[in-house]
Amino acid sequence: MLRLAIQKSGRLSEDSLELIRECGISFISSSLKLKTESTNFPLEILFLRDDDIPGYVADGVADIGIVGENVLVEEGKAHLAVEKLGFSKCRLSLAVPKGVEYTSVQDLNGKNIATSYPNLLQAYLQERGVEAQIHTISGSVEIAPSIGLADAICDIVSSGSTLISNGLREVERVFKSEAVLIAHDRLSTEKQQILEKLLFRIHAVQRASKAKYILLNAPNESIATISALLPGTKSPSILPLAEEGWSSLHSVVNEDDFWEIIEKIKDAGAQGILVVPIEKMII
Ligand code: PRT
Ligand code: ZN
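This one's a predicted model, so the numbers in the text were calculated from it and none came from an experiment.

Colleague: Looking at this structure, I do not really get the site of ligand 1. What am I missing?
Modeller: As a matter of local geometry, ligand 1 sits amid 20 residues, with Arg-49, Asn-70, Ser-159, Gly-160 and Thr-162 nearest to it. A distance of 2.6 Å separates an oxygen atom of ligand 1 from a polar side-chain atom of Asn-70. At a separation of 2.6 Å, an oxygen atom of ligand 1 approaches a polar side-chain atom of Ser-159. Here ligand 1 loses 78% of its free accessible area of 850 Å² to cover by the protein chains. Comparing atom positions with the cavity grids shows ligand 1 to sit within the largest pocket. For the shell around ligand 1, the class distribution of residues is 5 nonpolar, 10 polar and 5 charged.

Colleague: What is the right way to look at the coordination of the zinc ion (ligand 2) in this model?
Modeller: Ideal geometry at a metal centre: 109.5 degrees between donors when four sit tetrahedrally, and 90 or 180 degrees when six sit octahedrally. Taken together, the protein donors to the zinc ion (ligand 2) comprise Asp-50 (OD) and Asp-51 (OD), at separations of 2.0 to 2.1 Å. Here the zinc ion (ligand 2) binds 4 donor atoms, and the angle range of 72 to 175° at the metal identifies the geometry as irregular.

Colleague: Explanation requested: the pattern of salt bridges in the structure shown.
Modeller: Side chains that differ in charge, positive against negative, can pair when their charged atoms come close. Applying the stated criterion to the full structure yields 12 salt bridges. A salt bridge links Lys-191 to Asp-63; its shortest N-O distance comes to 3.1 Å. Separated by 128 residues along the polypeptide, Lys-191 in helix 6 (residues 189-210) and Asp-63 in the loop between helix 2 (53-59) and strand 4 (64-68) bring together distant segments of the chain. Using a relative accessible area of 23% as the deciding quantity, one classes Lys-191 as partly exposed.

Colleague: Just checking my understanding: could you explain the pairing of strand 1 (residues 2-7) for this structure?
Modeller: The side chains of a regular strand alternate between both faces of the sheet. Taking burial as the measure, the 6 residues of strand 1 include 5 buried ones, the bulk of the element. In the sheet, strand 1 pairs with strand 3 (residues 43-48) via 6 bridges, with the strands oriented parallel. Looking at the pairing, Ile-6 lines up with Phe-47 of strand 3. When strand 1 meets strand 4, the two strands line up parallel, connected through 2 bridges. Considered in strand 4, the bridge of Leu-4 is made with Ile-64.

Colleague: Hey, could you run me through the nonpolar core in this one?
Modeller: Side chains of a nonpolar character, in soluble globular proteins, are inclined to be buried together. Counting 31 residues, the largest nonpolar core has Leu-94, Val-105, Leu-108, Ile-113, Leu-125 and Ile-182 as its most contacted members. At the level of secondary structure, the elements contributing two or more residues to this core comprise strand 3, helix 2, helix 3 (69-74), strand 6 (90-97), helix 4 (118-127), strand 9 (152-157), strand 10 (168-177) and strand 11 (179-183). In terms of residue count, helix 4 provides more of this core than any other element does, 4 residues in total. Residue assignment places this core across two domains, with domain 1 (2-88 + 178-207) and domain 2 (90-177) each supplying three or more. If near-sequence neighbours (up to four positions away) are discounted, Leu-108 is found in contact with Leu-94, Val-96, Tyr-102, Ile-113, Val-130, Glu-131, Ala-132 and Ala-152. Phe-41, Ile-66, Ala-179 and Leu-199 belong to the second-largest nonpolar core, a separate cluster that totals 28 residues.

Colleague: What is the right way to look at the sheet that holds strand 2 (residues 35-37) in this model?
Modeller: Strand-to-strand pairing in sheets goes through backbone hydrogen bonds, with the strands running parallel or antiparallel. Spatially, the 6 strands line up as an open sheet ordered 2-3-1-4-11-5, and their pairing is mixed. Because the sheet does not close on itself, it has two edges, and the strands there are strand 2 and strand 5 (81-84). Averaged over neighbouring strand pairs, the angle between their axes works out to 25° when direction is ignored. Running at roughly 150° to strand 1, helix 1 (residues 13-22) makes contact with strand 1, strand 3 and strand 4 of the sheet.

Colleague: Explain the environment of Gln-122 to me, please; I cannot follow it from the model alone.
Modeller: The topology assignment puts Gln-122 in helix 4. It is 21 Å that separates the C-alpha atoms of Gln-122 and Ile-143, two residues lying 21 residues apart in sequence.

Colleague: Hey, could you run me through the layout of surface pockets in this one?
Modeller: Rolling a probe over the atoms, with the probe sized like a water molecule, indicates the empty space that remains. A volume near 1,100 Å³ is recorded for the largest pocket. Lining the largest pocket we find 38 residues, and of these Arg-11, Asp-50, Asn-70, Tyr-117 and Ile-156 sit closest to its centre. For the lining of the largest pocket, the secondary structure elements donating two or more residues are helix 3, strand 9 and helix 5 (161-165). For the lining of the largest pocket, the class distribution of residues is 11 nonpolar, 16 polar and 11 charged. Its boundaries defined by the atoms lining it, the second largest pocket holds a volume of some 400 Å³. Along its surface, the second largest pocket is lined by 17 residues, and Leu-19, Leu-85, Val-205, Gln-206 and Ser-209 are the ones closest to its centre.

Conventions used here
Residues numbered from 1 in each chain as written. Chains lettered and ligands numbered in written order. Predicted model: local features only at pLDDT ≥ 70, side-chain atom pairs only at ≥ 80, totals over all residues. Heavy atoms only, no water. Near = heavy atom within 4 Å. Polar contact = N/O pair within 3.5 Å; in protein donor to acceptor, adjacent residues only side chain to side chain. Areas by Shrake-Rupley, 256 points an atom, 1.4 Å probe, with all protein chains shown as cover. 1 Å grid on protein atoms, 1.4 Å probe; cavity = no way out; pocket = protein on both sides within 12 Å on 5 of 7 lines; lining within 4 Å. Sits in = over half its atoms within 2 Å of the grid points. Nonpolar A, V, L, I, M, F, W, Y, C, P; charged D, E, K, R; others polar. Donors = N, O, S within 2.8 Å, 3.2 Å for Na, K, Ca; no water. Tetrahedral: all angles 85-135°; square planar, octahedral: opposite > 155°, others 65-115°. Salt bridge = Lys/Arg side-chain N within 4 Å of Asp/Glu carboxyl O. Helix = DSSP H or I, 4+ residues; strand = E, 2+ residues; numbered from the N terminus. Buried < 20%, exposed > 50% of the residue type's maximum accessible area, 1.4 Å probe, protein only. Pairing = 2+ DSSP bridges. Core = buried A, V, L, I, M, F, W, Y, C linked by side-chain atoms within 4.5 Å. Domains from an automatic or database assignment. Contact = heavy atoms within 4.5 Å. Axes fitted to C-alpha atoms, helices over the stretch in contact; angles between N-to-C directions. Points joined across faces, edges and corners; volume = space filled by probe spheres on them.

Structural measurements only, silent on function.
Below, the structure is given as structure tokens:
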């Protein structure tokens, strides 16, 4: 049995549970519970505050966990990271009041900066030879300049609207973050094997989320050109159509290259293009 710690309620909770479900792991979830056990995989889920997750995993109270890299690195536990998960993307940024002149990070010398991430901020400033007074506060960092507590702030930014509505301007990106899977560094052989099974499923889900299955019809003389444009897992599957001189091509394309590829294969003579989502992808 492997123990996974995830955030009880917050920005990471829903996507963490969704990932586990997409891995085909079923469990009875209840927002009131502190833990639950899967009905079809040797996994127990603990629901905790995100800040407590790195510590619990480091101590072995939980075997694995899902947490933001910002919290993990701030707590000095980056070595526990196993896999980036691609959700809860955000950045830790420095921001100053809109009207204040700012040319470089050197302008922060001797200034007061409010943050909930003193270690990440200190490392960033030190690397650039900036000496500032860091005020550690646990919440509502964005109001610190307006109440006279600080000249600047260093806080998590996602859309940027919190900064704007508080009259602040983002000036430096200190750290880029996303959700990561972390693991205790001395798991038993049995637990390590369960983790590997889980990682195998996570990889299949991650690959599928970026890939699209593409089907199209093409005149036989265009097959070579179109095949060269379709990356696929290997080469595309080619099936003859009932209509003489035409074939159907099947392949997989990456979401990022998708629009560019579609345009090129249309120009090369492809017709009846169908693009469908892939649920799982094992290569
Ligand atoms: O109760 P618990 O301690 O478990 O949760 P929490 O309140 O400490 O954390 P939570 O749920 O707010 O965030 C969990 C994790 O989500 C963070 O550690 C980040 O890794 C990630 N994340 C992603 C974010 C954001 N986006 C985010 N936008 N964490 C916080 N914010 C906040 C930010 O602090 C600021 O107040 O949202 C505001 C900025 O958002 P924008 O969109 O206006 O820029
Ligand atoms: Zn927290």
